[in-house]
Amino acid sequence: DECLVHGVHSCVIDATATNSGNIRFDRQTGSPCGLDENYKGQNSDWTGFPSDFSLSLKQKGYQVDQIGDKWIRNHCRWILWKLCSIERRFCRFLANRYVTFDKVLL
């Protein structure tokens, strides 16, 4: 597969419209590091949980107090699915550079 050749992370390759909201990121680099399919609990090295996106949006000055985790989870899922689709399609140019925690918040 061309994506593997260019080094696209397996969680980006495996992302679907259903599971893309479960992509987790390395807290230090913001790069994808895996799919947390079962929400087994927050790994201290990972970010990308609804509470992380909510906190980051608050820090950027957005008023998210009246937006629930369900809305944030769904919104981020669709953004991540789109980012993953673009990185897979243009993997030669975007591999490991397009899907990042910060890009979800843009």
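It should be noted that the structure appears before, not after, this text.
Note that the coordinates shown come from a computational prediction; the quantities given were computed from them, not determined experimentally.

**A closer look at the environment of Ala95**
Along the polypeptide, Ala95 turns up in the loop between α5 (91-94) and α6 (101-104). Residue Ala95 is classed as buried on the basis of its relative accessible area, which comes to 12%. Non-local contacts of Ala95, meaning those with residues more than four positions away in its chain, are made with His6, Gly7, Val8 and Glu87.

**Considering the side chain of Asp52**
Looking at the element boundaries, Asp52 is found in helix α3 (residues 50-59). The charged side chain of Asp52 is buried without a salt bridge, its nearest counter-charge being Arg27 at 4.2 Å. A polar contact of 3.2 Å, which involves the side chain of Asp52, links it to the side chain of Thr47.

**Observations concerning α3**
Of the positions making up α3, those classed as buried are Pro50, Asp52, Phe53, Ser54, Ser56 and Leu57. Those residues of α3 that are buried lie in contact with β1 (23-26), β3 (46-47), α4 (69-89) and α6. Positive backbone phi, at 100 degrees, marks Gly61, one or two positions downstream of α3.

**A closer look at empty space enclosed by the protein**
As enumerated under the stated definition, the model contains one cavity of 30 Å³ or more in all. Put simply, the largest cavity is a space of about 40 Å³. Forming the walls of the largest cavity are twelve residues, and the residues nearest its centre are Gly21, Gly48, Phe53, Arg73 and Cys76. Contributions of two or more residues to the lining of the largest cavity are made by α3 and α4. Considering every element that reaches the lining of the largest cavity, the biggest residue donor is α4, with five residues. Each residue belonging to the lining of the largest cavity can be placed in one class, and the counts come to seven nonpolar, two polar and three charged.

Calculation notes
Residues numbered from 1 in each chain as written. Predicted model: local features only at pLDDT ≥ 70, side-chain atom pairs only at ≥ 80, totals over all residues. Heavy atoms only, no water. Helix = DSSP H or I, 4+ residues; strand = E, 2+ residues; numbered from the N terminus. Buried < 20%, exposed > 50% of the residue type's maximum accessible area, 1.4 Å probe, protein only. Contact = heavy atoms within 4.5 Å. Lys, Arg positive; Asp, Glu negative; His and termini not counted. Salt bridge = Lys/Arg side-chain N within 4 Å of Asp/Glu carboxyl O. Polar contact = N/O pair within 3.5 Å; in protein donor to acceptor, adjacent residues only side chain to side chain. 1 Å grid on protein atoms, 1.4 Å probe; cavity = no way out; pocket = protein on both sides within 12 Å on 5 of 7 lines; lining within 4 Å. Points joined across faces, edges and corners; volume = space filled by probe spheres on them. Nonpolar A, V, L, I, M, F, W, Y, C, P; charged D, E, K, R; others polar.

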